[in-house]
Amino acid sequence: RGRAEEEGMEAGDAVARMLERSDAAHGPSAAAPPPGGRAFPAAVDGGAAGGGGAGGTGGGDGDARRRTSAALAPVAMEAMARLVWLLLLPATIYLGSMALHLKLLPFAGRGDNFHPKPFRCRLGLAPRRDPDTGAVLGPATPQADCIAAGCAACRGQFPLSLPAAISSLNARMLSANAGIKKQHTFSSGWAHWPFGSQPVFYWSSTKCYADHYCRIYMAANPIVWGVGLTGLAALLLLLLGRLCSCGARRRLGTARGAPAAVRHGWLLLCGHALGWLPFAAVKRVAFLYHYIPSLHLSLLAAGLALDHLLLAHPAPRRAPAAALATPSQLDLAVALTIALAAASFLFFLPLYLGWPIEPADSRWRAKLLDPCRPVLEWVDSHVVPALFPNVSAVEQ
């Protein structure tokens, strides 16, 4: 601020000297500056402006345009940076992952029957391998009905380029997802996802190790999901309370600017809603993992709500040694939450990774993976039909 004031004073002195020289040559101006030369004149005559009214107006417009350009330059740079980080970088990561996918999976297989012929003709035939050791025995022998590079069905077919293959793959995925009409045993409604309900059962084996069971679930960590849901509710209440208090301050004339925590809080809540609520209009079956992007934002919301509380109710400052010797209640609560989340992760780890465990233990832990399911099933069977009689099970 001090540097800006000095620059402004220097500019005022320069204008004052220019007017003094103009007065000496053409007589006193109609609006001479006061002694000290610190203020810009309201108007100058044609001679002082340097060539008549038109020239003076043009010079003023040029200065205004330069000042406007200088002021807009940082805004434009920030907009470009946000464009790169929010659009170009995610698009680059996504397209790069698709290119890596096609690079690592270059051979035809059972799953490529869903793709159009030009895409399948881009794939090669997997080499022959020894069934016991997996060693490569030689190139594959094309079958009569095969559709891949080197097969009779692909003769004369121009193979797709990498960008065309990525476009074809995404178009096929989109059409396949839009065409799903059947229900699934482990699908779930969008309203259940914040509670971590209905884990997705991936794989099981009853003969993986002696008499033990091996199961793999895509499931919520109940502690982590609970922290995210609690943080969302707490942040929403805090922001609504802030809105009400700001309205009262405006009426009293004591309103102040919103802190950064409040502005970021609304951004997080809007991002969470945009990642979650559109699934209410999706008619096909959906699964718990569709909520994961919104889960990340809910955990950020929990941290922001905690930060908001700390700013509103700051704890008394203590020396570092005293803080380590006697941690505050907030420190203990945060440490306990992290410890419970870690303990929950280790407890359910055999079901996350398919480690062998006893059958009774496997069934017991699988039930604990979804602690809210009995309550949500009761709500679906009693409350939802009474309030929304036209809502289907998929929409629930």
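Residues numbered from 1 in each chain as written. Predicted model: local features only at pLDDT ≥ 70, side-chain atom pairs only at ≥ 80, totals over all residues. Heavy atoms only, no water.

Caption draft 1: Region of interest: unusual backbone geometry. The residue Gln198 is not glycine, and still its phi comes out positive at about 65°. Topologically, Gln198 is positioned in the loop between helix H5 (162-178) and strand S3 (200-209). (Helix = DSSP H or I, 4+ residues; strand = E, 2+ residues; numbered from the N terminus.)

Caption draft 2: Seen up close, the packing of helix H10 (residues 329-353) against helix H11 (residues 359-368). Taken N-terminus to C-terminus, the directions of H10 and H11 make an angle of 110°; their axes are 10 Å apart at the nearest point. When the axes of H10 and H11 are compared, the pair comes out roughly perpendicular. Remark: the crossing between H10 and H11 carries left-handed chirality. Seen from H10, the contacting residues are Phe347, Phe348, Pro350 and Leu351; seen from H11, they are Ser362, Trp364, Arg365, Ala366 and Leu368. In terms of residue class, the contact of H10 with H11 is built from 7 nonpolar, 1 polar and 1 charged. (Axes fitted to C-alpha atoms, helices over the stretch in contact; angles between N-to-C directions. Parallel < 35°, antiparallel > 145°, perpendicular 65-115°, else oblique. Left-handed = near helix turned anticlockwise from the far one by under 90°. Contact = heavy atoms within 4.5 Å. Nonpolar A, V, L, I, M, F, W, Y, C, P; charged D, E, K, R; others polar.)

Caption draft 3: Representation of a nonpolar patch on the surface. Taken together, Met80, Leu83, Val84, Trp85, Leu86, Leu87, Leu88, Leu89 and Ile93 make up a surface patch of nonpolar side chains, about 920 Å² in accessible area. The topology assignment puts Ile93 in helix H3 (residues 52-104). (Patch = residues over 30% accessible without salt bridge, like charges linked within 9 Å, V, L, I, M, F, W, Y side chains within 5 Å. Areas by Shrake-Rupley, 256 points an atom, 1.4 Å probe, with all protein chains shown as cover. Salt bridge = Lys/Arg side-chain N within 4 Å of Asp/Glu carboxyl O.)

Caption draft 4: Summary view of the state of the cysteines. Scanning all chains against the criterion turns up 3 disulfides. The disulfide partner of Cys208 is Cys214, and the S-S distance across this bridge is 1.9 Å. The S-S bond linking Cys208 to Cys214 shows a torsion near 85°; that makes this disulfide right-handed. What makes Cys214 buried here is its relative accessible area of 3%. Among the cysteines of the chain that take part in disulfides, numbered as they appear in the sequence, the pairing is 1-4, 2-3, 5-6. (Disulfide = S-S within 2.5 Å. Buried < 20%, exposed > 50% of the residue type's maximum accessible area, 1.4 Å probe, protein only.)

Caption draft 5: Molecular detail of H11. Among all positions in H11, only Pro359, Ser362, Arg365 and Ala366 are buried. For H11, the angular spread of the buried residues around the axis is 130°, confining them to a single face. Projecting away from the buried face of H11 at angles above 90 degrees are the exposed residues Ala360 and Lys367. Contacts made by the buried residues of H11 are with strand S4 (212-218) and H10. (Arc of directions from axis to C-beta.)

Caption draft 6: View of the pairing of S4. Burial analysis of S4 places 5 of its 7 residues in the buried class, the great majority of the element. Two elements, S3 and S4, share 6 bridges in a ladder whose sense is antiparallel. Paired with Val200 across the strands is Met218, a residue of S4. The turn joining S3 and S4, which pair antiparallel and follow one another in sequence, is formed by 2 residues; a positive phi near 50° is taken by Ala210. (Pairing = 2+ DSSP bridges.)

Caption draft 7: Quick look at H5. Along its 17 residues, H5 runs 24 Å from first to last C-alpha, staying within 8% of the 24 Å computed at 1.5 Å per residue. Among the residues making up H5, those that are buried are Ala165, Ile166, Ser168 and Leu169. One face of H5 carries all of its buried residues, which in axial projection span an arc of 165°. Within H5, the exposed residues directed more than 90 degrees away from the buried face are Pro163, Leu174 and Ala178. (Expected span 1.5 Å × (residues − 1).)

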